[in-house]
Each structure stands twice: as C-alpha cells, then as structure tokens.
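# Report on the structure
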Amino acid sequence: MDPISPAAPQLSPDPWVEWGVAQIPLEGQTVCGDLHLVKSFADGVLTVVVDGLGHGVEAAAAAQVAVATLEAHAHEPAITLLQRCHQALIPTRGAAISLASFNATYGTMTWLGVGNVEGVLLRADKNAAPPQESIMLFSGAAGHQIPSLRAVVTPVSPGDLLILFTDGVRPDFLSELIPAQSPQRIADHICAKYNKGTDDALVLVSRYAGGAR
C-alpha cells in the first residue's frame, strides 16, 4: 500500500476554517485522481473534493481542470460553480464533485455534490438536533450529464466539523467517535484506517472557525 500523501502546506492560516487533508493513490499509480481545494474569498471559504473518474493520469487531469475552475471562481454561488465545472470537464473523462461554501457573514454553509463524493457535517454542540447532517448528492458526473441542481443552506457554528471523502474511503468511520484532534490528524486517521485499497482515496476535514458577524 502506498503511504499517505502529506497534506498540502498551509502557507497562511485560513481565517474561516482549520483544515487538513490526506490521500492515498491506488497502489501502482504514480498520481492520485482525487484532489481537493480550500480557497478563501472576501467573506468565506470554499472547500471542495473532486474525484476524477477512474484513476491514473486521465483521472488526475480531469480533477485538475475542476480544481482550476473552482479556484478561479470560488466566490460564486455553489450551483454556478458546479455548472462551470460541468462545462469545463466536457473534453475530459469527467469527475464527481462535492463542495461546501462557508459564508462567515451569515454563519451558513451551502453544499451539494454531483456523483459519489460523500460529505457529513458533525455538530460541535452535542445537544444539536440533528447532531449530524449529510450532503445532498445528485446522480451523474460533471462533464457528462448532470440533473437540475439544488443546494442546501445550513447554519454553522464554530467547532462544527465537515468531512468530505471520496468513494475510496469506507464510510463506516462514522460509526466510531471522531477524536477531538486537529483536522489533519483526523484526516490522516480516517484515510489510513478506512481506505478501501481498491481506488484512490482522499479525506478533507474542515473545522469551522468563523462565525456570524
């Protein structure tokens, strides 16, 4: 099994989220087709996980197109971002994409996905109801065919934990208690223990630090 890839260095702390990422390419592959993006804008931050269809160089190339498109337009509405990705990915093999856009002015998160990149929001408040929410996923793949999209807007509070993960990761990590550790340590733990070993795997963990102003 290839070792977990080190997280991308954070050259400056993000003002809205603390985050960490871990990824493992499919054994025998030199590149990973699963990529992530954390991009701040004026009043928030966009967090994204992209899974290029399949694996290897072509999957990575598709994921890179999606990440570049999202990075250039991170401030735009979530649905607009996915539609932009869909158009940009048409010449590629396509990708599954899930994204969450935090708005620190209003203390909200807008999220949705196309394909099978899962997402879960774990509330810091143990009395919150519900204590856990899942991303709304739509069938299809960006670059091939996507349906009419609808985003979900949910309030967020400091300490809430967002976990986005590709289908190379088993979701049963949610059955264990997520440790109160840094996002990087959480991502490393999930990716190391719960990767399937049959596909690229990536886990992005973001802890919301901002609040309504």
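The structure this text deals with has already been given above.
Rules and cut-offs
Residues numbered from 1 in each chain as written. Predicted model: local features only at pLDDT ≥ 70, side-chain atom pairs only at ≥ 80, totals over all residues. Heavy atoms only, no water. Pairing = 2+ DSSP bridges. Helix = DSSP H or I, 4+ residues; strand = E, 2+ residues; numbered from the N terminus. Axes fitted to C-alpha atoms, helices over the stretch in contact; angles between N-to-C directions. Contact = heavy atoms within 4.5 Å. Buried < 20%, exposed > 50% of the residue type's maximum accessible area, 1.4 Å probe, protein only. Core = buried A, V, L, I, M, F, W, Y, C linked by side-chain atoms within 4.5 Å.

Spatial strand order, β1-β11-β10-β6-β7: five strands in an open sheet with antiparallel pairing. Each edge of the sheet is formed by a strand with only one pairing partner; in this case those strands are β1 (17–24) and β7 (132–134). Across the sheet, the mean angle separating the axes of adjacent strands is 15° when strand polarity is ignored. Judged from the eight bridges that link them, β1 and strand β11 (residues 201–208) form a sheet pairing that is antiparallel. Within β11, the position partnered with Gln23 by the bridge is Leu202. Relative to β1, helix α3 (residues 183–194) is tilted by about 25°, and along the sheet it contacts β1, β10 (161–165) and β11.

Counting buried residues in strand β2 (residues 34–41) gives six out of eight residues, a clear majority hidden from the surface. Here eight bridges tie β2 to strand β3 (residues 44–52), and the two strands are oriented antiparallel to one another. Paired with Asp34 across the strands is Asp51, a residue of β3. The turn linking β2 back onto β3 is made up of two residues.

Moving on, we come to the nonpolar core. Proteins that are soluble and globular tend to have nonpolar side chains buried together. Of all hydrophobic cores here, the largest spans 25 residues; its most connected members are Leu46, Val48, Val50, Leu70, Leu89, Ile97 and Leu99. Elements supplying a minimum of two residues to this core: β2, β3, α1 (57–72), α2 (78–89), β4 (95–103) and β5 (108–114). Look past the residues within four positions of Leu46 in its chain and what remains in contact with it is Leu37, Val38, Lys39, Phe41, Leu70, Ala74, Leu81, Leu99, Ala100 and Ser101.

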